[in-house]
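The residues making up each chain are set out below.
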Amino acid sequence: MRTLLWLVGKSLRQHALSSTVTVLVCAIASGLVLSVFSLEKQAREAFTGDVGFDAVLGARGSELQLVLNAIFHLDTSPGNIPWSMYREIASRPGVELAVPYALGDNYAGFRIAGTTKELFEKYAFGNGRERKLELEPGNTLFDETRAEAVIGATVARATGMVRGSKFQPIHGVASNGNAHDITYVVTGVLQPTGTPMDRVIFVPIEGIFRMDGHVLRGSGSDYVPSPTEEIPDEAKEVSAVLLRFSNAQRAFFLKEEVNRQGDRATLAWPIRTVMQEIFDKLGWMVRVLQGVAWLVVVSGSLSILAALWNTMNERRREFAILRALGARRGTVFSAIVCEATAIAVVGCLVGYVIYGVVGFAVAAVLREQVGVHLEVFSWQPVFGWILPGALVLGALAGLLPAARAYSTEVAKNLLPVS
């Protein structure tokens, strides 16, 4: 064994440049495999995990659009539903929580959601829904009768706003739109949640109703609120209602009623299944990326084979001397296989570093742009089989060069070099 290790170390030092290049090729290959398999699985889990609500009620249209707009704030609203529908659904048996959202404005690219204090008092998220929205120390919730706002952690970090900061909402979801003629004051900053809530600016829903440029059509006709008059319920409308149910049976029957028997609204339930549609539709793309990753792995194996094969001519005399000194054919054969395996394993270990860099970069982008949180090094099956796989592929790549070294003729290769 000591002789084998000496031979492998000596060869790697003698051919440091080609060995380093081959290690880097293997590292890129293993890093790509780790990234494709691990990050796809983590992204799927992040988007289909618990978001604190079971369903989204909104205007007639796509369930996926509803969820992307109301939960992840990535799409435009399909329309509004009357306030009366929100109140009626909220009073149904089995509905534990119904939070209205009025959407359609932004500030600095972050969506503004008009809602009620019920969101902060009853909303819970996490695997066991044991976590709640918490304000930073010394901060307070907005007053529902004033132009006040509570902002998510990402909003605060990106804009630099703190308690007492002021801003003017922008009409629409594009950050270059026209500003509304009203100034909001930040009364609270939420502690980080690792959810899309971190990227939202929450304001009183009444303020959205009364904002200049907004027209309410809950009754079917246009209604422009007067500053001095109370808005009648029949005129109000909401973009979405976020729902939590006491049991799945209640949710199923309500979905049947809303989606199959009605024509005014859509109920997206369960949110996990709705989000799964995205990954199902993009499954072909994931398979293409996986295929590319495996092609790079094959190229890495071939690089090991080529690197070792190209050194065989200059090493024939070395092998002949070793044989003359008593080394067995099997020792020479094993040395080449071990060298190939060492290159593959070292490349795989460097691949973990590459994966870490890629993983943290992707996680940072998703956290800032979407609000979902990835645990880059949470255990994934690919972490377990990538290293043994590299060992096996490296050994296989070394078989042909090893067989060539095994067949070295001692007498012929010990002749003086003229």
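Computed from a predicted model, the values in this text were never measured in an experiment.

Undergrad: I'd like a description of the overall build of the protein, backed by residues and values.
TA: Looking only at helices and strands, one finds 15 helices and 14 strands in the protein. When burial is assessed residue by residue, the protein has 48% of its 418 residues classed as buried. Long-range contacts, defined as pairs at least 24 residues apart, comprise 75% of the intrachain contacts of the protein with a sequence gap of at least 6. Entry remark: accessible area of the protein is about 20,200 Å², with carbon and sulfur atoms responsible for 59%.

Undergrad: Describe the state of the cysteines, and please don't skip the residues or the numbers.
TA: By the definition in use, this model includes zero disulfides. Cys26 supplies the cysteine sulfur nearest to Cys348, a cysteine that is in no disulfide, at a spacing of 9.1 Å.

Undergrad: Now, about the nonpolar core: what can you tell me, with residues and values included?
TA: Counting residues in hydrophobic clusters, the biggest one holds 54 residues, and the most contacted among them are Phe53, Val67, Ile71, Phe72, Tyr101, Leu119 and Phe202. Of the residues forming this core, the biggest block, seven residues, is contributed by helix H2 (residues 16-48). Apart from the residues lying within four places of it in its own chain, the contact partners of Leu119 are Phe53, Val99, Tyr101, Leu133, Met197 and Phe202.

Undergrad: Which residues make up the side chain of Asp198, and what values do they have?
TA: One can find Asp198 in the loop between strand E10 (184-189) and strand E11 (201-204). It is Arg157 that comes nearest to the buried, bridge-free Asp198 among opposite-charge side chains, at 6.9 Å. Setting aside its immediate chain neighbours within four residues, Asp198 contacts Gly152, Ala153, Thr154, Val155, Gln191, Pro192 and Thr193.

Undergrad: I'd love a proper account of a nonpolar patch on the surface, names of residues and values included.
TA: A cluster of nonpolar side chains, namely Leu282, Trp284, Met285, Val288, Leu289 and Val292, defines an oily patch on the protein surface of about 540 Å² accessible area. Assignment of secondary structure puts Leu282 in the loop between helix H9 (271-281) and helix H10 (283-309). Given the relative accessible area of 38%, Leu282 is considered partly exposed.

Undergrad: Residues and numbers for the side chain of Ser38, please.
TA: Relative to the elements of secondary structure, Ser38 occurs in helix H2. Those residues in contact with Ser38 that lie beyond four places of it in its chain are Tyr355, Val376, Gln380, Val382 and Phe383.

Undergrad: Give a description of the packing of aromatic side chains that names residues and reports values.
TA: Across all of its chains, the model carries 19 aromatic pairs by this definition. Centroid distance Trp83 to Phe209: 5.9 Å. Interplanar angle 80°. Geometry classified as edge-to-face. On the criterion of sequence distance, the pair formed by Trp83 in helix H4 (residues 83-90) and Phe209 in helix H7 (residues 205-210) is long-range, its members being 126 residues apart. Pair check on accessibility: Trp83 and Phe209 agree, each one buried. A ring pair is formed by Phe252 and Phe253, whose centres lie 5.7 Å apart and whose planes are at 65°; its orientation type is edge-to-face. Take Phe252: its relative accessible area is 41%, and that puts it in the partly exposed class. An aromatic cluster of three or more residues is present, and its members are Tyr352, Tyr355, Phe360, Phe377, Trp379 and Phe383. In this arrangement the basic side chain of Lys236 is found over the ring face of Trp83, its NZ or CZ atom lying 5.0 Å from the centre.

Undergrad: Hey, could you go over unusual backbone geometry for me, with residue numbers and the actual values?
TA: Cis geometry marks the peptide bond from Trp269 to Pro270; its omega dihedral reads -15°. By the secondary structure assignment, Pro270 is in the loop between strand E14 (265-268) and H9. The phi angle at His73 is positive, at roughly 55°, despite the residue not being glycine. With respect to the helices, strands and loops of the structure, His73 is situated in the loop between helix H3 (63-70) and strand E2 (81-82). Look at His73 and you get buried, because its relative accessible area is 11%. Backbone geometry at Ala108 places phi at a positive 55°, although glycine is not the residue there.

Undergrad: Pulling in residues and values, what's your account of the environment of Ser226?
TA: Of note, Ser226 is situated in the loop between H7 and strand E12 (237-238). Its relative accessible area of 22% is what places Ser226 among the partly exposed residues.

Cut-offs and rules
Residues numbered from 1 in each chain as written. Predicted model: local features only at pLDDT ≥ 70, side-chain atom pairs only at ≥ 80, totals over all residues. Heavy atoms only, no water. Helix = DSSP H or I, 4+ residues; strand = E, 2+ residues; numbered from the N terminus. Buried < 20%, exposed > 50% of the residue type's maximum accessible area, 1.4 Å probe, protein only. Contact = heavy atoms within 4.5 Å. Areas by Shrake-Rupley, 256 points an atom, 1.4 Å probe, with all protein chains shown as cover. Disulfide = S-S within 2.5 Å. Core = buried A, V, L, I, M, F, W, Y, C linked by side-chain atoms within 4.5 Å. Lys, Arg positive; Asp, Glu negative; His and termini not counted. Salt bridge = Lys/Arg side-chain N within 4 Å of Asp/Glu carboxyl O. Patch = residues over 30% accessible without salt bridge, like charges linked within 9 Å, V, L, I, M, F, W, Y side chains within 5 Å. Phe/Tyr/Trp six-rings, centres within 6.5 Å; stacked < 30°, edge-to-face > 60°. Lys NZ or Arg CZ within 6 Å of the ring centre and 35° of its normal.

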